[in-house]
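Residue-level listing of the chains:
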Amino acid sequence: MKRLGWLAAAAASVAVLAGCAAPRVAPSADRLSPGELETIAAARRAGPLTVEQIIQRSRAGESPAALIEDIRRTGTHLAVTPEERARFAGQGVAPAVLDELAAAQARWAQDQATADKVRADTARIEAADRARAEEERRRRAYYGPAYSPYYSPYADPMWPYGYPGRRGYGGGFGWGVQIRR
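Report on the accompanying structure. (Residues numbered from 1 in each chain as written. Predicted model: local features only at pLDDT ≥ 70, side-chain atom pairs only at ≥ 80, totals over all residues. Heavy atoms only, no water.)

1. Considering a nonpolar patch on the surface
A cluster of nonpolar side chains, contributed by L32, L37 and I40, occupies part of the molecular surface with about 250 Å² of accessible area. The topology assignment puts L32 in the loop between α1 (2-20) and α2 (34-46). Judged by its relative accessible area of 47%, L32 falls in the partly exposed class. (Patch = residues over 30% accessible without salt bridge, like charges linked within 9 Å, V, L, I, M, F, W, Y side chains within 5 Å. Areas by Shrake-Rupley, 256 points an atom, 1.4 Å probe, with all protein chains shown as cover. Salt bridge = Lys/Arg side-chain N within 4 Å of Asp/Glu carboxyl O. Helix = DSSP H or I, 4+ residues; strand = E, 2+ residues; numbered from the N terminus. Buried < 20%, exposed > 50% of the residue type's maximum accessible area, 1.4 Å probe, protein only.)

Shown next, in the form of structure tokens:
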């Protein structure tokens with residue numbers, strides 16, 4: 001009866017482990033075409049758009065969709081106050097473009113907050129690792145090379161069970177051999 005219980009437990013564990021197995025899928029990456037790479041590189045070289053550029057392009061009659069695409073592509077983020085927003089709208093900037101500027105600023109602020117949190121967490125973890133390493137260095141420096149904190153100060157290869165005469169331990173070198181059954 002006991003054997004059947006063990007067999008049932010083994011079969012159940014094999015079934016659970018087999019259910020957890022996932023097929024291996026080769027990693028894949030979407031490749032960008034050379035034209036797309038050049039567009040991204042040009043946007044990085046150009047840098048983010050300025051307020052004057054946005055106003056000039058809006059006055060020149062460029063579509064809001066093209067401006068929004070350029071704002072996203074160049075990584076432009078501008079903190080626009082309500083007064084500035086009204087002034088820009090008066091100068092011909094479309095409300096969709098102003099909304100995109102506000103959304104880009106919000107995304108940038110969230111990214112910065114996340115990056116700050118990651119930096120703080122990384123610094124805290126590195127400080128804890130340095131403290132552990134320093135503590136380990138101090139612990140190892142305290143004991144000589146022949147002694148270890150896990151054994152008594154009398155630890156010696158010739159006395160494998162501690163120092164002689166201690167109850168519960170068979171002696172060491174010259175104390176005979178203790179055979180336990």
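Still to come is the rest of the account.
2. A short note on the side chain of T76
For T76, the location among the structural elements is in the loop between α4 (64-74) and α5 (82-90). At a separation of 2.7 Å, a polar atom in the side chain of T76 contacts the main-chain amide nitrogen of L49. Sequence-distant contacts of T76, that is, excluding residues within four places in its chain, are made with P48, L49, I71, L101 and A104. (Polar contact = N/O pair within 3.5 Å; in protein donor to acceptor, adjacent residues only side chain to side chain. Contact = heavy atoms within 4.5 Å.)

3. A word on the environment of I71
Inspection of the secondary structure assignment puts I71 in helix α4. For the pair I71 and V97, spaced 26 residues apart in the sequence, the C-alpha separation amounts to 8.6 Å. In this structure, I71 is in contact with L49, I54, T76, V97, E100, L101 and A104, ignoring residues within four places of it in sequence.

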